[in-house]
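The primary structure of each chain is shown beneath.
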Amino acid sequence: MAQDLRAAVGSQAKRLSGSSEAVERPEENGHHNKRLKGDTGEEDAEDQNKKSPKRKIVLLMAYSGKGYHGMQRNMGSSQFKTIEDDLVSALVQSGCIPENHGEDMKKMSFQRCARTDKGVSAAGQIVSLKVRLIDDILEKINNHLPSHIRILGLKRVTGGFNSKNKCDARTYSYMLPTFAFAHKDHDVQEDVYRLDRETLDKVNKLLACYKGTHNFHNFTSQKGPRDPSARRYIMEMYCGEPFVRENMEFAVIKVKGQSFMMHQIRKMIGLVIAIVKGYAGESIMERSWGEEKVDVPKAPGLGLVLERVHFEKYNRRFGNDGLHEPLEWTEEEEKIAVFKEQYIYPTIINTEREEKSMVNWLNTLPIHDFNSSVVGVHANHKNSKNSSDLEGSDGCADDSD
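Bear in mind that the values here come from a model prediction, so they are computed numbers and not experimental data.

With that settled, consider the overall build of the chain. Helix and strand counts for the chain come out as 13 helices and 10 strands. Sequence-distant contacts, at least 24 apart, represent 77% of the contacts inside the chain between residues at least 6 apart. Accessible surface, the chain as shown: approximately 20100 Å² in total, 46% of it carbon and sulfur.

Inspection of the secondary structure puts Gln125 in strand β3 (residues 121-132). We classify Gln125 as buried; its relative accessible area is 0%. For Gln125, the side chain forms a polar contact with the side chain of Tyr63, separated by 3.4 Å. Discounting residues that sit within four places of it in the chain, Gln125 has contacts with Leu59, Leu60, Met61, Tyr63, Met71, Cys113, Ala114 and Leu306.

This brings us to the pairing of strand β9 (residues 248-257). Of all 10 residues that make up β9, nine are buried, and the element is covered over most of its length. Strand direction decides the pairing type here: strand β5 (residues 169-177) and β9, joined by eight bridges, are antiparallel. Within β9, the position partnered with Arg170 by the bridge is Gly257. Bridging between strand β7 (residues 231-239) and β9 involves five bridges; their strand directions are antiparallel. If you follow Cys239 over to β9, its bridge partner there is Ile253. Where strand β8 (residues 243-245) folds back on β9, the antiparallel hairpin that results is connected by two residues, among which Glu246 adopts a positive phi of roughly 50°.

This part covers the packing of aromatic side chains. Any aromatic ring pair is given by two values, namely how distant the centres are and how the planes are angled relative to each other. Tallied over the full model, the rule gives nine aromatic pairs. Where Tyr172 meets Phe260, the ring centres are 5.6 Å apart and the plane angle is 90°; that geometry is what we call edge-to-face. You can see Tyr172 sitting in strand β5 and its partner Phe260 sitting in the loop between β9 and α8 (264-276), a full 88 residues away along the chain. A residue is classified by how much of its surface remains accessible, and Phe260, at 0% relative accessible area, is buried.

Turning our attention to the UniProt feature "active site" (unreviewed entry) in the chain. Taking the UniProt record as the reference, the feature "active site" (unreviewed entry) is found at Asp117. Take Asp117: its relative accessible area is 24%, and that puts it in the partly exposed class.

The next thing to look at is helix α11 (residues 333-355). With 23 residues, α11 should cover 33 Å at 1.5 Å per step; its first-to-last C-alpha distance of 31 Å lies within 8% of that length. If you look at α11, its biggest bend is around 45°, right at Lys340. Just beyond α11, the residue with positive phi is Lys356, at close to 50°.

What counts, and where the lines are drawn
Every chain is numbered on its own, with residues counted from 1 as its sequence reads. Totals for whole chains, interfaces and linings use every residue, but because this is a predicted model, local features are given only for residues with pLDDT of at least 70 and side-chain atom pairs only at 80 or more, for both listing and counting. Side-chain numbers come from the whole structure's heavy atoms, not from hydrogens or water. What counts as a helix is a DSSP run of H or I of at least four residues, what counts as a strand is a run of E of at least two, and both are numbered from the N terminus. Throughout, a contact is declared for two residues whenever any of their heavy atoms are within 4.5 Å. Accessibility throughout is a Shrake-Rupley quantity obtained with a 1.4 Å probe, and a residue counts as covered only by protein chains that appear here. Burial classification: accessible surface area is computed with a 1.4 Å probe over protein chains only, and a residue below 20% of its type maximum counts as buried, one above 50% as exposed, and the rest as partly exposed. Whenever two N or O atoms come within 3.5 Å, that pair is a polar contact, provided that in protein one can donate a hydrogen and the other can accept it, and provided that, for residues adjacent in sequence, both atoms are side-chain atoms. The pairing criterion is simple: DSSP has to find at least two bridges between the two strands. For Phe, Tyr and Trp, where Trp contributes only its six-membered ring, two rings pair if their centres lie within 6.5 Å, and the inter-plane angle classes them as stacked under 30 degrees, edge-to-face over 60, or tilted in between. UniProt positions are given in the numbering used here, feature names are shortened, and annotations may be inferred rather than shown by experiment. Helix span, as expected, comes to 1.5 Å for every residue beyond the first. A residue's bend is the angle separating two fitted axes: one through the seven residues that end there, the other through the seven that start there.

Here it is as structure tokens:
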């Protein structure tokens, strides 16, 4: 009987022990873990980011390019800061990409639509990449960016999307003081000059001549007249109505083309200014599209802005497939306009007033020989290089990486 009693007590103790373990185990796996989560919120947020699905997206970017050596990142060179340096840093800090993707951008399939160069701004740059779709993604990225760089929009795209290769056309604007169009024989005061209707009409008549397909080998470097890639298609080019900012009158030239070569837009505008001012005859435009080497002046980089990139073929094929949105930014237009008014236009106006890049460049026009072919062209370029390169180049080499 004593043996039976000992067996009963042992059995009861075992049941109590098992019950105790069952009670403790939920506590270990439940309440105790919750306390750990409270202590390590940042680690949990990081873990949550890692669990977020990776998807191919495009980001709509706006930035003021002053103080940067262009858009494209120069890996291994910290001397020249670029827009992408700040962007990649923000992507890593916000948890959108792992740190090793920031060091090797190919790992996130990163591609910019256009390479804007030193000092050039953008109101509608597009980059494509793979990211973790974390909560409040735009807010978190922007929290780690300076105020003069903003991500204004995001859209999902197909897995094989490449923002550079899928782009049909690009629209650039060029903001300049209207005294640039004053005839060379007229003595004008910069703040007082106002563009008259006759001169504006002449400017637009000349700009319209660029429409269509032409050989632009004279509007870039390192391309010969028989290089097929020098032929470019321009869809539209015009100068808008002038407006006054801080007592100085400005105007904005818009140009839309399939793609542009390095310096092409600045040289297109520079040649029109030279004609309107009376330094060159209108016939030079036809000559510049021929095989002859023509001395084409390059307007300053200040004022050049990447306005918009176009994906018309992609939109027709995927924009209404039920899975993807068309790459149009109608809802973001107000934010784009506000950004330009806050950061891009004031930078152009203030820099022009302080550094007088247009005034200095206009003073180099008399040394160009618009009647020469090859002889004397290189010497003239060397003489005018310092003033015309102060603000950097177009960064319009969209398809010649």
